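What the coordinates show
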Amino acid sequence: DGGITQSPKYLFRKEGQNVTLSCEQNLNHDAMYWYRQDPGQGLRLIYYSQIVNDFQKGDIAEGYSVSREKKESFPLTVTSAQKNPTAFYLCASSKQGAYEQYFGPGTRLTVT
Amino acid sequence: GQNIDQPTEMTATEGAIVQINCTYQTSGFNGLFWYQQHAGEAPTFLSYNVLDGLEEKGRFSSFLSRSKGYSYLLLKELQMKDSASYLCAVRSQAAGNKLTFGGGTRVLVKP
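Residues numbered from 1 in each chain as written. Chains lettered and ligands numbered in written order. Predicted model: local features only at pLDDT ≥ 70, side-chain atom pairs only at ≥ 80, totals over all residues. Heavy atoms only, no water.

**Focus: the overall build of chain A**
Definition in use: The numbering of helices and of strands both runs from the N terminus, where a helix is a DSSP run of H or I of at least 4 residues and a strand a run of E of at least 2. C-alpha atoms define the radius of gyration, and 2.2 Å times the number of residues to the power 0.38 defines the globule rule. Accessible area is worked out with a 1.4 Å probe on protein chains only. A residue is then buried under 20% of its type maximum, exposed over 50%, and partly exposed in between. Here a residue-residue contact requires only that any non-hydrogen atoms of the pair lie within 4.5 Å. Here the open area of atoms and residues is found with the Shrake-Rupley method and a 1.4 Å probe, where only the protein chains shown may cover a residue. Charge assignment: positive for Lys and Arg, negative for Asp and Glu; neither His nor the chain ends contribute. All charge positions are set by atom: Lys at NZ, Arg at CZ, Asp at CG, Glu at CD.
Tallying secondary structure elements over chain A gives 0 helices and 11 strands in all. Against the compact-globule benchmark of 13 Å for 112 residues, chain A has a radius of gyration of 13 Å, which places it among compact chains. Along the first, second and third principal axes, the C-alpha atoms of chain A reach 40 × 25 × 25 Å. Counting all 112 residues of chain A, 47% fall into the buried class. For chain A, long-range pairs separated by at least 24 residues make up 52% of all intrachain contacts whose partners lie at least 6 apart in sequence. Accessible surface computed for chain A: about 5,600 Å², of which carbon and sulfur atoms make up 46%. If you average the places of the 12 positive and of the 11 negative side-chain charges in chain A, the two averages end up 6 Å apart.

**Brief notes about the sheet that holds strand 3 (residues 19-25) of chain A**
Residue and element names in this part refer to chain A. In plain terms, the rule: Two strands pair if DSSP finds at least two bridges between them. Axis definition: a line fitted to C-alpha atoms, limited for helices to the stretch in contact. Angles are taken between N-to-C directions and run from 0 to 180 degrees.
Pairing within the open sheet is antiparallel, and its 4 strands lie in the order 1-3-8-7. Here the strands that pair on one side only, and so sit at the sheet edges, are strand 1 (4-7) and strand 7 (64-66). Going across the sheet, the axis of each strand differs from the next one's by a mean of 20 degrees, ignoring polarity.

**Here we look at the state of the cysteines**
Using the following cut-off: Disulfides are defined as cysteine sulfur pairs within 2.5 Å.
As enumerated under the stated definition, the model contains 2 disulfides over all chains in all. Each sulfur in the disulfide pair A:Cys23 and A:Cys91 lies 1.9 Å from the other. Of note, the bridge from A:Cys23 to A:Cys91 carries an S-S torsion of about -75 degrees and is left-handed in sense. In this pair, A:Cys23 is assigned in strand 3 and A:Cys91 in strand 9 (residues 87-94), connecting sequence segments 68 residues apart. The same class applies to A:Cys23 as to A:Cys91, namely buried. Note on cysteine connectivity: B:Cys22 is disulfide-linked to B:Cys88, with sulfurs 2.0 Å apart. With the S-S bond torsion at -70 degrees, the cross-link from B:Cys22 to B:Cys88 turns out left-handed. Placement of B:Cys22 in strand 3 (residues 18-25) and of B:Cys88 in strand 9 (residues 84-92) is noted, with a sequence separation of 66 residues between them. Residue B:Cys22 shares its accessibility class with B:Cys88, and that shared class is buried.

**Looking at the pairing of strand 6 (residues 53-57) of chain B**
All names here are of chain B. Relative to strand 7 (residues 60-65), strand 6 is paired through 5 bridges, and the arrangement is antiparallel. The residue of strand 7 that forms the bridge with Glu56 is Ser61. Connecting strand 6 to the antiparallel partner strand 7 that follows it, the hairpin turn spans 2 residues, and Gly58 within it adopts a positive phi of roughly 65 degrees.

**Structural notes on the packing of aromatic side chains**
Short version of the rule: Whether two aromatic rings pair depends on their centres lying within 6.5 Å, for rings of Phe, Tyr and Trp, where Trp uses its six-membered ring; planes under 30 degrees apart make the pair stacked, over 60 edge-to-face, and the rest tilted. Counting as a charge over the ring demands two things of the Lys NZ or Arg CZ atom: a distance within 6 Å of the ring centre and an angle within 35 degrees of the ring normal.
Enumeration over the complete set of coordinates arrives at 17 aromatic pairs over all chains. Seen from their ring centres, B:Phe33 and B:Phe45 are 6.2 Å apart, and the 65 degrees between their planes marks the pair as edge-to-face. Placement of the pair is B:Phe33 in strand 4 (residues 29-37) and B:Phe45 in strand 5 (residues 44-49), with a sequence separation of 12 residues. Using a relative accessible area of 1% as the deciding quantity, one classes B:Phe33 as buried. Every member of this aromatic cluster is reached through a ring pair, and the members are A:Tyr33, A:Tyr35, A:Tyr48, A:Phe103, B:Phe33, B:Tyr35, B:Phe45, B:Tyr48 and B:Phe101. Geometry around A:Phe74 places A:Arg68 over its ring, the cationic atom sitting 6.0 Å from the centre.

**Quick notes on the interface of chain B and chain A**
Our working definition: Throughout, buried area stands for the accessible area (probe radius 1.4 Å) lost by two parts on being put together, summed over both. Every case where a carboxyl oxygen of Asp or Glu lies within 4 Å of a side-chain nitrogen of Lys or Arg is listed as a salt bridge. Three categories are distinguished: nonpolar for Ala, Val, Leu, Ile, Met, Phe, Trp, Tyr, Cys and Pro, charged for Asp, Glu, Lys and Arg, and polar for the others, with Gly belonging to the last.
On the side of chain A, 22 residues touch chain B, which itself brings 18 residues to the contact. Roughly 1,500 Å² of surface becomes buried between chain B and chain A when both sides are summed, with 54% attributable to carbon and sulfur atoms. Contact with chain A buries surface across chain B, with B:Arg91, B:Lys98 and B:Phe101 losing the most and accounting together for 30% of the total. For the pair chain B and chain A, the interface holds 0 salt bridges. At the level of secondary structure, the elements contributing two or more residues to the side of chain B that touches chain A comprise strand 4, strand 5, strand 9 and strand 10 (98-101) of chain B. Broken down by class, the residue content of the side of chain B that touches chain A amounts to 9 nonpolar, 6 polar and 3 charged.

Here it is as structure tokens:
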């Protein structure tokens with residue numbers, strides 16, 4: 001079955017550590033996105049990539065980094081520079097153009 | 001910039017109808033999406049409007065007025081499983097065709 005996978009579902013880290021969240025899709029979508037969601041709030045765009053080896057900052061990119069070495073994969077690194085990293089992180093993908101985005105199941109990151 | 005407003009919370013009775021409004025301000029409007037999100041889960045796509053009018057899909061309908069910067073999602077014959085958050089998102093050419101999401105409307109369906 002085609003879809004988007006994110007792992008792990010829950011992740012716990014100590015403050016000061018970098019952590020990488022994985023996102024893989026086998027939908028053959030060109031575009032991929034990372035969002036952050038805080039309790040009771042909407043989604044905010046962190047980074048997005050429309051083609052391999054290219055990505056752009058979203059609205060809240062500070063303290064995060066990404067790479068897009070393969071079409072299927074778009075990992076997100078939450079660095080120690082991110083001041084409030086505890087959140088629900090959602091990865092999405094879409095075809096190029098004005099199409100809907102499909103979301104992965106999300107990773108809930110807790111940093112203490 | 002872009003601004004998207006929707007009510008924070010709504011309550012309705014099983015079997016009834018609920019209308020969730022969404023107003024937006026954006027330049028280069030290129031479509032409006034509605035997503036459903038159950039607590040702790042990923043959003044799932046419900047509807048897409050790019051032209052004015054009503055799009056009907058089973059119990060769910062979505063309406064768009066571009067001149068008013070207004071959309072609504074209509075949920076009919078409410079079921080308990082419809083209790084979820086409903087996210088309005090706007091695509092803008094001026095913003096590189098990215099989606100900007102509203103804060104979401106939490107709908108609670110009571111028996």
